[in-house]
Amino acid sequence: MEHNHTISVPNHVLISEMARVLKRGQSATFRVKGRSMRIWLEDERDLVTIKAVEVADIRLYDLVLAEIEPQHYVLHRIIRIDGDQLTLKGDGNVAQIEHCCKQDVVGRVTHFYRKGRTTPESVESWRWRLYSFVWIRLAPIRRYLLGIYRRTLLRGKP
């Protein structure tokens, strides 16, 4: 008989442990929390795998886990790089942005598991790259697209 147990720990505790694992060259996979990466990554549904990234290898449009304030982490896309400063924005956010330094990046997403799938998809896949390219350029009308998404595909969900 299989038992599934869920353990919930504060993000800062979990992410501190993940950072330790990443520094040893390993990866970490975790379930997405929050709605800021809609429409592609859904709260409590999807998983992402992250690996450590060298500061020099951080790229525009990378999806990163970063500490934006002490013990406050976000999984968002880099939308601007100014020297050591990064501007981050969730794909599901219309206006909200965050700022941090490159050194505040815990890791970069390398793979994701959507809709209960057990096979990972790489962020280097043609599908993810096309999605990223199109979604970034749709920023001026993202508010309307997210509204349609919430009203049609998420009926009855928060």
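Residues numbered from 1 in each chain as written. Predicted model: local features only at pLDDT ≥ 70, side-chain atom pairs only at ≥ 80, totals over all residues. Heavy atoms only, no water.

Student: How would you sum up the side chain of K102? Please name residues and give values.
Tutor: Relative to the helices and strands, K102 is located in the loop between strand 6 (98-101) and strand 7 (105-113). Look at K102: it is buried, it has no salt bridge, and the nearest opposite charge is D84 at 5.8 Å. Side-chain polar atoms of K102 contact the backbone oxygen of G83, separated by 3.4 Å. The contacts of K102, once residues within four sequence positions are left out, are V55, I58, I81, G83, D84 and L86. (Helix = DSSP H or I, 4+ residues; strand = E, 2+ residues; numbered from the N terminus. Buried < 20%, exposed > 50% of the residue type's maximum accessible area, 1.4 Å probe, protein only. Lys, Arg positive; Asp, Glu negative; His and termini not counted. Salt bridge = Lys/Arg side-chain N within 4 Å of Asp/Glu carboxyl O. Polar contact = N/O pair within 3.5 Å; in protein donor to acceptor, adjacent residues only side chain to side chain. Contact = heavy atoms within 4.5 Å.)

Student: If you had to explain a nonpolar patch on the surface to someone new, which residues and values would you point to?
Tutor: Among the surface-exposed residues, I7, V9, V13 and L14 lie close enough to one another that they form a single nonpolar patch of about 340 Å² accessible area. Structurally, V9 can be placed in the segment before helix 1 (11-23). (Patch = residues over 30% accessible without salt bridge, like charges linked within 9 Å, V, L, I, M, F, W, Y side chains within 5 Å. Areas by Shrake-Rupley, 256 points an atom, 1.4 Å probe, with all protein chains shown as cover.)

Student: Describe the confidence of the model for the protein chain, naming the residues involved and giving the relevant values.
Tutor: Predicted coordinates in regions of low pLDDT should not be interpreted in detail. With 91% of its residues at a pLDDT of at least 70, the protein chain reaches an overall mean of 84. Across the protein chain, the secondary-structure element scoring lowest on mean pLDDT is helix 3 (residues 142-152), at 73, and the one scoring highest is strand 6, at 96. (pLDDT = per-residue confidence, 0-100.)

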